[in-house]
Amino acid sequence: MSFDYDLFVIGGGSGGVRAARIAASEYGAKVGLAEESRMGGTCVIRGCVPKKLMIFAAQAGLMAEEMRGYGWCDAQAGAFSWEVFREKLDAELTRLELIYRAGLSRAGVEVHDQRARLAGHHEIELADGTRKSARHILIATGGRPALIGIPGEELAMVSDDLFVMDKLPGRALLVGGGFIACEFATILAGLGVDTVQAYRGDAVLRGFDREARDLATLQLSAVGVDLRLGLTPVALERAGAGIRVTFDDGTREEFDAVLMATGRDPYTKGLGLETTEVRLKRNGAIEVDEWSQTCVPSIFAVGDVTDRVNLTPVAIREGHSFVDTVFGARPRKVDHSVVASAVYLRPHELATVGLTEEEAHARGAVDVYSTVFRPMRSMFAGSDAKVMMKLLVDPATDKVLGCHIFGPEAGEMIQLAAIPIGMGATKAQFDATIAVHPTAAEELVTMRTPSRRLQALSGTGLA
(Lines give C-alpha, C1' and ligand atoms only; values in the text may rest on other atoms or scores of the structure.)
Protein backbone atom coordinates (compact mmCIF):
# COMPACT_ATOMS: atom_id res chain seq x y z
CA MET A 1 0.00 0.00 0.00
CA SER A 2 1.03 3.60 -0.53
CA PHE A 3 0.39 6.16 2.22
CA ASP A 4 0.30 9.94 2.47
CA TYR A 5 2.77 9.76 5.37
CA ASP A 6 5.23 7.31 6.84
CA LEU A 7 4.24 8.67 10.26
CA PHE A 8 1.35 10.79 11.45
CA VAL A 9 1.51 12.17 14.99
CA ILE A 10 -1.61 13.27 16.84
CA GLY A 11 -0.52 15.77 19.48
CA GLY A 12 2.07 18.54 19.47
CA GLY A 13 3.40 18.18 22.99
CA SER A 14 6.97 17.34 23.91
CA GLY A 15 6.70 13.61 23.15
CA GLY A 16 4.90 14.00 19.85
CA VAL A 17 7.12 16.82 18.62
CA ARG A 18 10.30 14.90 19.47
CA ALA A 19 9.08 11.81 17.62
CA ALA A 20 8.00 13.80 14.55
CA ARG A 21 11.20 15.82 14.33
CA ILE A 22 13.59 12.87 14.75
CA ALA A 23 11.66 10.66 12.31
CA ALA A 24 11.82 13.37 9.64
CA SER A 25 15.26 14.87 10.22
CA GLU A 26 17.32 11.80 11.13
CA TYR A 27 15.52 9.01 9.31
CA GLY A 28 14.04 10.80 6.30
CA ALA A 29 10.45 9.82 7.05
CA LYS A 30 7.55 11.78 5.58
CA VAL A 31 5.79 13.04 8.70
CA GLY A 32 2.56 14.86 9.44
CA LEU A 33 1.52 16.23 12.83
CA ALA A 34 -1.80 17.62 14.06
CA GLU A 35 -2.21 19.83 17.11
CA GLU A 36 -5.54 21.39 18.08
CA SER A 37 -4.06 23.97 20.46
CA ARG A 38 -0.68 25.65 20.87
CA MET A 39 2.46 23.77 19.91
CA GLY A 40 4.42 22.59 22.91
CA GLY A 41 1.60 20.90 24.78
CA THR A 42 0.92 20.91 28.50
CA CYS A 43 4.50 21.27 29.71
CA VAL A 44 5.48 24.28 27.63
CA ILE A 45 2.18 26.13 27.40
CA ARG A 46 0.12 25.27 30.49
CA GLY A 47 2.32 23.26 32.81
CA CYS A 48 5.95 22.87 33.82
CA VAL A 49 7.43 26.00 32.23
CA PRO A 50 4.90 28.68 33.22
CA LYS A 51 4.48 27.03 36.62
CA LYS A 52 8.22 27.19 37.34
CA LEU A 53 8.30 30.85 36.34
CA MET A 54 5.40 31.51 38.74
CA ILE A 55 7.33 29.69 41.46
CA PHE A 56 10.25 32.06 40.91
CA ALA A 57 7.88 35.03 41.18
CA ALA A 58 6.34 33.68 44.38
CA GLN A 59 9.77 33.31 46.01
CA ALA A 60 10.56 37.01 45.82
CA GLY A 61 8.77 37.84 49.07
CA LEU A 62 10.64 35.15 50.97
CA MET A 63 13.92 36.34 49.51
CA ALA A 64 13.27 39.84 50.79
CA GLU A 65 12.48 38.43 54.24
CA GLU A 66 15.68 36.40 54.19
CA MET A 67 17.68 39.46 53.17
CA ARG A 68 16.47 41.28 56.26
CA GLY A 69 17.78 38.34 58.31
CA TYR A 70 21.21 39.02 56.80
CA GLY A 71 21.21 42.68 57.70
CA TRP A 72 19.58 44.27 54.66
CA CYS A 73 17.23 46.27 56.85
CA ASP A 74 15.50 48.14 54.03
CA ALA A 75 15.02 45.08 51.81
CA GLN A 76 11.45 44.63 50.61
CA ALA A 77 9.86 42.82 47.72
CA GLY A 78 7.44 45.61 46.83
CA ALA A 79 4.03 45.07 45.27
CA PHE A 80 3.53 42.23 42.83
CA SER A 81 1.90 43.07 39.50
CA TRP A 82 0.14 40.11 37.91
CA GLU A 83 -0.42 42.14 34.76
CA VAL A 84 3.31 42.81 34.28
CA PHE A 85 4.22 39.21 35.04
CA ARG A 86 1.57 37.76 32.73
CA GLU A 87 2.68 39.94 29.83
CA LYS A 88 6.23 38.67 30.18
CA LEU A 89 4.97 35.11 30.65
CA ASP A 90 2.88 35.24 27.47
CA ALA A 91 5.87 36.54 25.53
CA GLU A 92 8.10 33.75 26.83
CA LEU A 93 5.58 31.00 26.01
CA THR A 94 5.16 32.43 22.50
CA ARG A 95 8.95 32.38 22.08
CA LEU A 96 9.11 28.73 23.12
CA GLU A 97 6.21 27.76 20.88
CA LEU A 98 7.94 29.36 17.90
CA ILE A 99 11.08 27.34 18.68
CA TYR A 100 9.02 24.13 18.58
CA ARG A 101 7.43 25.14 15.29
CA ALA A 102 10.74 26.15 13.77
CA GLY A 103 12.26 22.78 14.66
CA LEU A 104 9.40 20.94 12.98
CA SER A 105 9.63 23.16 9.92
CA ARG A 106 13.38 22.64 9.53
CA ALA A 107 12.85 18.89 9.77
CA GLY A 108 10.24 18.99 7.03
CA VAL A 109 7.26 17.96 9.17
CA GLU A 110 3.89 19.00 7.72
CA VAL A 111 1.91 20.60 10.56
CA HIS A 112 -1.91 20.68 10.68
CA ASP A 113 -3.19 23.23 13.18
CA GLN A 114 -6.42 21.43 13.94
CA ARG A 115 -7.79 18.47 15.81
CA ALA A 116 -7.30 15.00 14.38
CA ARG A 117 -9.02 11.72 15.10
CA LEU A 118 -8.47 8.15 14.03
CA ALA A 119 -10.61 6.85 11.19
CA GLY A 120 -9.06 3.39 11.02
CA HIS A 121 -5.80 1.59 11.55
CA HIS A 122 -4.01 3.66 8.92
CA GLU A 123 -6.29 6.66 8.50
CA ILE A 124 -6.69 10.04 10.19
CA GLU A 125 -9.53 12.49 9.80
CA LEU A 126 -8.77 16.18 10.40
CA ALA A 127 -11.30 18.61 11.82
CA ASP A 128 -11.87 20.15 8.38
CA GLY A 129 -12.94 16.75 7.02
CA THR A 130 -9.70 16.00 5.20
CA ARG A 131 -8.52 12.42 5.48
CA LYS A 132 -4.88 11.33 5.49
CA SER A 133 -3.33 7.89 5.47
CA ALA A 134 -0.19 6.84 7.33
CA ARG A 135 1.89 3.69 7.60
CA HIS A 136 2.35 4.38 11.31
CA ILE A 137 0.26 6.52 13.67
CA LEU A 138 1.55 7.87 16.97
CA ILE A 139 -0.92 9.12 19.58
CA ALA A 140 0.64 11.71 21.89
CA THR A 141 -2.36 13.68 23.12
CA GLY A 142 -1.31 13.80 26.78
CA GLY A 143 -3.78 14.35 29.59
CA ARG A 144 -6.40 16.84 30.72
CA PRO A 145 -7.38 18.09 34.19
CA ALA A 146 -9.88 15.82 35.94
CA LEU A 147 -12.90 16.93 37.95
CA ILE A 148 -14.48 15.13 40.90
CA GLY A 149 -18.11 15.12 39.80
CA ILE A 150 -19.84 17.49 42.22
CA PRO A 151 -22.67 19.96 41.53
CA GLY A 152 -21.45 23.33 40.27
CA GLU A 153 -17.90 22.24 39.50
CA GLU A 154 -18.14 23.98 36.12
CA LEU A 155 -17.72 27.22 38.09
CA ALA A 156 -14.22 26.18 39.12
CA MET A 157 -10.95 26.71 37.30
CA VAL A 158 -8.54 23.93 36.39
CA SER A 159 -4.77 24.27 36.25
CA ASP A 160 -4.87 25.31 32.57
CA ASP A 161 -6.85 28.42 33.52
CA LEU A 162 -4.42 29.70 36.12
CA PHE A 163 -1.95 31.04 33.57
CA VAL A 164 -4.50 33.15 31.71
CA MET A 165 -6.28 34.86 34.60
CA ASP A 166 -7.02 38.53 34.06
CA LYS A 167 -6.21 39.24 37.69
CA LEU A 168 -5.27 37.44 40.86
CA PRO A 169 -8.19 36.46 43.12
CA GLY A 170 -8.33 37.96 46.59
CA ARG A 171 -9.27 34.63 48.17
CA ALA A 172 -8.91 31.24 46.51
CA LEU A 173 -9.68 27.61 47.31
CA LEU A 174 -7.36 24.89 46.00
CA VAL A 175 -8.94 21.43 45.97
CA GLY A 176 -6.54 18.47 46.05
CA GLY A 177 -3.34 17.30 47.65
CA GLY A 178 -1.20 16.22 44.71
CA PHE A 179 1.80 18.03 43.34
CA ILE A 180 -0.26 20.37 41.15
CA ALA A 181 -2.45 21.47 44.06
CA CYS A 182 0.49 21.92 46.41
CA GLU A 183 2.60 23.84 43.91
CA PHE A 184 -0.20 26.22 43.01
CA ALA A 185 -1.16 26.70 46.65
CA THR A 186 2.37 27.86 47.44
CA ILE A 187 2.41 30.04 44.31
CA LEU A 188 -0.84 31.84 45.09
CA ALA A 189 0.04 32.30 48.75
CA GLY A 190 3.45 33.66 47.73
CA LEU A 191 1.82 36.17 45.38
CA GLY A 192 -0.37 37.52 48.17
CA VAL A 193 -3.58 35.55 47.61
CA ASP A 194 -5.49 34.42 50.71
CA THR A 195 -5.19 30.71 49.92
CA VAL A 196 -7.14 27.79 51.37
CA GLN A 197 -6.25 24.22 50.37
CA ALA A 198 -8.69 21.40 51.05
CA TYR A 199 -7.57 17.79 50.85
CA ARG A 200 -9.37 14.67 51.98
CA GLY A 201 -6.23 12.85 53.21
CA ASP A 202 -4.16 13.24 56.37
CA ALA A 203 -1.03 14.46 54.54
CA VAL A 204 -0.47 15.89 51.08
CA LEU A 205 1.40 14.25 48.18
CA ARG A 206 0.04 10.72 48.42
CA GLY A 207 2.44 8.22 46.85
CA PHE A 208 5.58 10.05 47.94
CA ASP A 209 7.77 9.03 50.87
CA ARG A 210 5.79 9.53 54.08
CA GLU A 211 8.54 11.34 55.98
CA ALA A 212 8.89 13.78 53.10
CA ARG A 213 5.10 14.16 52.87
CA ASP A 214 4.93 15.18 56.53
CA LEU A 215 7.57 17.88 56.03
CA ALA A 216 5.78 19.17 52.91
CA THR A 217 2.49 19.26 54.80
CA LEU A 218 4.03 21.34 57.60
CA GLN A 219 5.70 23.70 55.12
CA LEU A 220 2.43 24.53 53.36
CA SER A 221 1.04 25.94 56.58
CA ALA A 222 4.33 27.68 57.37
CA VAL A 223 4.26 29.66 54.10
CA GLY A 224 0.73 30.91 54.69
CA VAL A 225 -1.50 28.28 53.09
CA ASP A 226 -4.62 27.57 55.15
CA LEU A 227 -4.35 23.79 54.77
CA ARG A 228 -7.45 21.85 55.78
CA LEU A 229 -6.94 18.11 55.85
CA GLY A 230 -9.79 15.61 55.87
CA LEU A 231 -12.04 18.07 54.06
CA THR A 232 -13.68 17.84 50.64
CA PRO A 233 -16.08 20.19 48.79
CA VAL A 234 -19.42 18.64 47.85
CA ALA A 235 -21.04 21.52 45.95
CA LEU A 236 -20.27 24.89 44.34
CA GLU A 237 -22.74 27.67 43.55
CA ARG A 238 -22.54 31.22 42.29
CA ALA A 239 -22.61 33.87 45.03
CA GLY A 240 -22.55 37.32 43.43
CA ALA A 241 -19.11 37.76 41.87
CA GLY A 242 -17.73 34.84 43.88
CA ILE A 243 -18.35 31.16 44.51
CA ARG A 244 -19.97 29.62 47.56
CA VAL A 245 -18.52 26.23 48.50
CA THR A 246 -20.24 23.61 50.65
CA PHE A 247 -17.89 21.13 52.32
CA ASP A 248 -18.55 17.59 53.50
CA ASP A 249 -18.53 18.70 57.14
CA GLY A 250 -21.54 20.93 56.44
CA THR A 251 -19.66 24.25 56.48
CA ARG A 252 -20.02 26.84 53.72
CA GLU A 253 -17.56 29.54 52.64
CA GLU A 254 -17.20 32.02 49.81
CA PHE A 255 -14.18 32.45 47.56
CA ASP A 256 -13.27 34.65 44.62
CA ALA A 257 -11.99 31.59 42.77
CA VAL A 258 -11.89 27.82 43.14
CA LEU A 259 -9.18 25.72 41.48
CA MET A 260 -9.78 22.01 41.03
CA ALA A 261 -6.39 20.27 41.10
CA THR A 262 -7.61 16.73 41.55
CA GLY A 263 -5.50 14.87 39.02
CA ARG A 264 -5.40 14.44 35.27
CA ASP A 265 -7.06 11.96 32.91
CA PRO A 266 -5.61 10.56 29.66
CA TYR A 267 -6.94 12.63 26.75
CA THR A 268 -8.59 9.96 24.62
CA LYS A 269 -12.12 11.29 24.42
CA GLY A 270 -13.25 11.92 20.83
CA LEU A 271 -10.07 10.44 19.43
CA GLY A 272 -11.90 7.95 17.21
CA LEU A 273 -10.47 4.90 18.95
CA GLU A 274 -13.78 3.12 18.43
CA THR A 275 -12.86 2.86 14.73
CA THR A 276 -9.86 0.73 15.71
CA GLU A 277 -9.13 -2.29 17.86
CA VAL A 278 -6.94 -0.26 20.26
CA ARG A 279 -7.55 -1.29 23.86
CA LEU A 280 -7.97 1.12 26.76
CA LYS A 281 -7.25 0.71 30.45
CA ARG A 282 -10.04 1.24 32.99
CA ASN A 283 -9.08 4.91 33.40
CA GLY A 284 -9.22 5.56 29.65
CA ALA A 285 -5.46 5.35 29.07
CA ILE A 286 -4.22 3.67 25.90
CA GLU A 287 -2.81 0.23 26.57
CA VAL A 288 0.66 -0.26 25.08
CA ASP A 289 3.51 -2.72 25.41
CA GLU A 290 7.14 -2.07 26.31
CA TRP A 291 7.71 -0.70 22.78
CA SER A 292 4.83 1.82 23.12
CA GLN A 293 2.86 -0.24 20.60
CA THR A 294 -0.86 -0.85 20.96
CA CYS A 295 -2.51 -4.15 20.04
CA VAL A 296 -2.84 -2.67 16.53
CA PRO A 297 0.61 -3.00 14.88
CA SER A 298 0.37 0.34 13.07
CA ILE A 299 -0.70 2.42 16.09
CA PHE A 300 1.59 3.54 18.91
CA ALA A 301 1.16 5.88 21.88
CA VAL A 302 3.56 7.76 24.17
CA GLY A 303 3.35 10.14 27.09
CA ASP A 304 0.58 10.81 29.58
CA VAL A 305 -2.09 9.32 27.31
CA THR A 306 -0.62 5.90 28.24
CA ASP A 307 -0.55 6.67 31.99
CA ARG A 308 2.80 5.03 32.66
CA VAL A 309 5.10 7.64 34.21
CA ASN A 310 3.46 10.99 33.54
CA LEU A 311 6.44 13.30 33.22
CA THR A 312 7.59 15.36 30.24
CA PRO A 313 11.12 13.89 30.00
CA VAL A 314 9.58 10.41 30.02
CA ALA A 315 7.29 11.31 27.11
CA ILE A 316 10.28 12.69 25.19
CA ARG A 317 12.30 9.52 25.80
CA GLU A 318 9.35 7.33 24.79
CA GLY A 319 8.83 9.32 21.58
CA HIS A 320 12.50 9.16 20.65
CA SER A 321 12.74 5.45 21.46
CA PHE A 322 9.69 4.73 19.32
CA VAL A 323 11.27 6.46 16.33
CA ASP A 324 14.64 4.77 16.80
CA THR A 325 12.89 1.40 16.96
CA VAL A 326 10.47 1.79 14.06
CA PHE A 327 12.38 4.04 11.67
CA GLY A 328 16.00 3.64 12.70
CA ALA A 329 16.23 -0.13 13.12
CA ARG A 330 17.71 0.57 16.56
CA PRO A 331 15.32 -1.15 18.99
CA ARG A 332 15.15 0.84 22.21
CA LYS A 333 12.89 0.47 25.23
CA VAL A 334 12.34 2.95 28.04
CA ASP A 335 13.15 1.88 31.59
CA HIS A 336 10.36 3.33 33.75
CA SER A 337 11.65 1.81 36.99
CA VAL A 338 14.05 4.56 38.09
CA VAL A 339 12.76 8.00 37.13
CA ALA A 340 13.54 11.09 39.20
CA SER A 341 10.90 13.74 39.86
CA ALA A 342 10.44 16.93 41.86
CA VAL A 343 7.62 18.87 43.45
CA TYR A 344 8.37 22.59 43.24
CA LEU A 345 7.15 23.86 46.57
CA ARG A 346 8.70 26.84 48.28
CA PRO A 347 11.01 27.54 49.96
CA HIS A 348 11.94 23.85 50.00
CA GLU A 349 11.28 21.45 47.14
CA LEU A 350 10.61 17.74 47.41
CA ALA A 351 12.56 15.51 45.03
CA THR A 352 12.73 11.76 44.75
CA VAL A 353 14.14 8.85 42.78
CA GLY A 354 13.65 5.13 43.34
CA LEU A 355 11.60 3.46 46.05
CA THR A 356 9.93 5.21 48.98
CA GLU A 357 10.56 3.87 52.47
CA GLU A 358 7.14 2.26 52.45
CA GLU A 359 7.73 0.59 49.06
CA ALA A 360 11.18 -0.63 50.05
CA HIS A 361 9.88 -2.06 53.33
CA ALA A 362 7.06 -3.86 51.53
CA ARG A 363 9.71 -5.65 49.46
CA GLY A 364 11.81 -6.74 52.42
CA ALA A 365 14.33 -5.53 54.98
CA VAL A 366 15.69 -2.02 54.44
CA ASP A 367 18.25 0.24 56.09
CA VAL A 368 17.01 3.82 56.37
CA TYR A 369 19.63 6.57 56.41
CA SER A 370 17.80 9.80 57.19
CA THR A 371 18.68 13.17 58.62
CA VAL A 372 16.50 16.23 59.24
CA PHE A 373 18.16 19.54 60.08
CA ARG A 374 17.93 23.32 59.75
CA PRO A 375 20.20 24.40 56.88
CA MET A 376 22.84 27.04 57.49
CA ARG A 377 21.43 29.65 55.13
CA SER A 378 17.86 29.83 56.40
CA MET A 379 18.77 29.16 60.05
CA PHE A 380 21.05 32.20 60.12
CA ALA A 381 18.17 34.28 58.77
CA GLY A 382 15.93 33.07 61.59
CA SER A 383 13.89 30.46 59.73
CA ASP A 384 12.79 27.18 61.29
CA ALA A 385 12.50 25.50 57.86
CA LYS A 386 13.97 22.00 57.87
CA VAL A 387 15.81 19.94 55.27
CA MET A 388 15.64 16.16 54.91
CA MET A 389 18.16 13.90 53.20
CA LYS A 390 17.28 10.21 52.97
CA LEU A 391 18.76 7.09 51.44
CA LEU A 392 17.14 3.64 51.43
CA VAL A 393 19.55 0.73 51.24
CA ASP A 394 19.12 -3.01 50.76
CA PRO A 395 21.08 -4.52 53.70
CA ALA A 396 21.75 -7.73 51.76
CA THR A 397 23.32 -6.13 48.68
CA ASP A 398 24.18 -2.62 49.97
CA LYS A 399 22.43 -1.25 46.85
CA VAL A 400 20.82 2.18 47.19
CA LEU A 401 17.11 1.67 46.46
CA GLY A 402 15.89 5.23 46.75
CA CYS A 403 16.79 8.82 47.55
CA HIS A 404 14.48 11.52 48.89
CA ILE A 405 15.41 15.17 49.42
CA PHE A 406 13.33 17.94 50.95
CA GLY A 407 15.15 21.22 50.76
CA PRO A 408 16.22 24.19 48.63
CA GLU A 409 16.98 23.24 45.01
CA ALA A 410 16.13 19.60 45.73
CA GLY A 411 15.22 19.13 42.08
CA GLU A 412 18.74 20.09 41.02
CA MET A 413 20.27 17.64 43.51
CA ILE A 414 18.05 14.68 42.65
CA GLN A 415 19.05 14.87 38.98
CA LEU A 416 22.63 14.08 39.97
CA ALA A 417 21.63 11.46 42.56
CA ALA A 418 19.56 9.69 39.89
CA ILE A 419 22.70 8.87 37.88
CA PRO A 420 24.46 6.59 40.41
CA ILE A 421 21.16 5.12 41.63
CA GLY A 422 20.19 4.30 38.05
CA MET A 423 23.58 2.60 37.65
CA GLY A 424 22.98 0.43 40.72
CA ALA A 425 25.38 2.20 43.08
CA THR A 426 25.92 0.88 46.59
CA LYS A 427 25.95 2.75 49.87
CA ALA A 428 29.69 2.03 50.12
CA GLN A 429 30.20 3.86 46.84
CA PHE A 430 28.22 6.85 48.12
CA ASP A 431 30.36 6.79 51.29
CA ALA A 432 33.57 6.68 49.24
CA THR A 433 32.65 10.02 47.65
CA ILE A 434 34.31 12.98 49.37
CA ALA A 435 31.82 15.60 50.51
CA VAL A 436 31.58 19.15 49.22
CA HIS A 437 31.52 21.38 52.31
CA PRO A 438 29.60 23.35 53.41
CA THR A 439 26.54 22.12 51.49
CA ALA A 440 23.29 20.46 52.39
CA ALA A 441 23.94 17.78 49.76
CA GLU A 442 27.05 16.54 51.58
CA GLU A 443 24.72 14.71 53.94
CA LEU A 444 24.08 12.20 51.14
CA VAL A 445 27.67 10.97 51.43
CA THR A 446 28.29 11.44 55.16
CA MET A 447 25.47 9.40 56.75
CA ARG A 448 27.45 6.44 58.10
CA THR A 449 24.94 4.74 60.41
CA PRO A 450 21.33 3.80 59.60
CA SER A 451 18.68 5.79 61.41
CA ARG A 452 16.71 2.58 61.60
CA ARG A 453 16.58 -0.89 60.09
CA LEU A 454 13.18 -2.18 59.08
CA GLN A 455 12.92 -5.96 59.09
CA ALA A 456 11.05 -7.75 56.31
CA LEU A 457 7.33 -7.90 56.80
CA SER A 458 5.86 -11.36 57.30
CA GLY A 459 4.25 -12.61 54.12
CA THR A 460 6.58 -10.74 51.75
CA GLY A 461 8.59 -13.84 51.03
CA LEU A 462 11.72 -11.85 51.81
CA ALA A 463 11.96 -12.43 55.57
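Here the structure is a predicted model, which is why all the values come from computation and not from measurement.

Attention shifts here to the nonpolar core. Counting 44 residues, the largest nonpolar core has M54, L162, F184, V204, L205 and L350 as the members making the most contacts within it. Looking at this core, the elements with two or more residues in it are helix 3 (48-58), helix 5 (82-107), strand 9 (171-175), helix 7 (179-190), helix 8 (210-222) and strand 15 (257-260). It is helix 7 that contributes the most residues to this core, eight residues altogether. Not counting residues within four places of it along the chain, the set of residues in contact with F184 comprises K51, S159, L162, F163, L174 and L259.

Right, let's talk about the UniProt feature "active site" (unreviewed entry) in the protein for a bit. Here, the residues flagged by UniProt with the feature "active site" (unreviewed entry) are H437. Topologically, H437 is positioned in the loop between helix 13 (427-431) and strand 23 (452-454). Judged by its relative accessible area of 63%, H437 falls in the exposed class.

Taken domain by domain, the protein comprises domain 1 (5-145 + 265-328), domain 2 (148-261) and domain 3 (340-449). Distance from the C-alpha centre of domain 1 to the C-alpha centre of domain 2: 26 Å. Between domain 1 and domain 2, the contact holds 14 residues from the first and 16 residues from the second. Here domain 1 meets domain 2 over a buried area of about 1500 Å², counting both sides, of which 70% is carbon and sulfur. The largest share of the area that domain 1 buries against domain 2 comes from K51, M54 and W82, three residues that together contribute 36% of it.

About the cut-offs
Along each chain, residues carry numbers from 1 onward, in the same order as the chain's sequence is written. A pLDDT threshold of at least 70 governs which residues receive local features in this predicted model, and a stricter bar of 80 or more applies before side-chain atom pairs are shown or counted, although totals over entire chains, interfaces and linings include all residues. Computation of side-chain values covers all heavy atoms of the structure but excludes hydrogens and water. We define the nonpolar core as a collection of buried residues of types Ala, Val, Leu, Ile, Met, Phe, Trp, Tyr and Cys that are connected through side-chain atoms lying within 4.5 Å of one another. The buried label goes to any residue with under 20% of its type's maximum accessible area, the exposed label to any with over 50%, and the partly exposed label to all in between, with areas taken from a 1.4 Å probe on protein chains only. Per the convention used, a helix needs a DSSP run of H or I reaching at least four residues, while a strand needs a run of E reaching at least two, with both numbered from the N terminus. Residues are treated as being in contact if the distance between any of their heavy atoms lies within 4.5 Å. UniProt positions are given in the numbering used here, feature names are shortened, and annotations may be inferred rather than shown by experiment. A domain assignment, automatic or from a database, supplies the domain bounds used here. Buried area counts how much accessible surface, traced with a 1.4 Å probe, disappears from two parts once they are put together, with both parts' losses summed.

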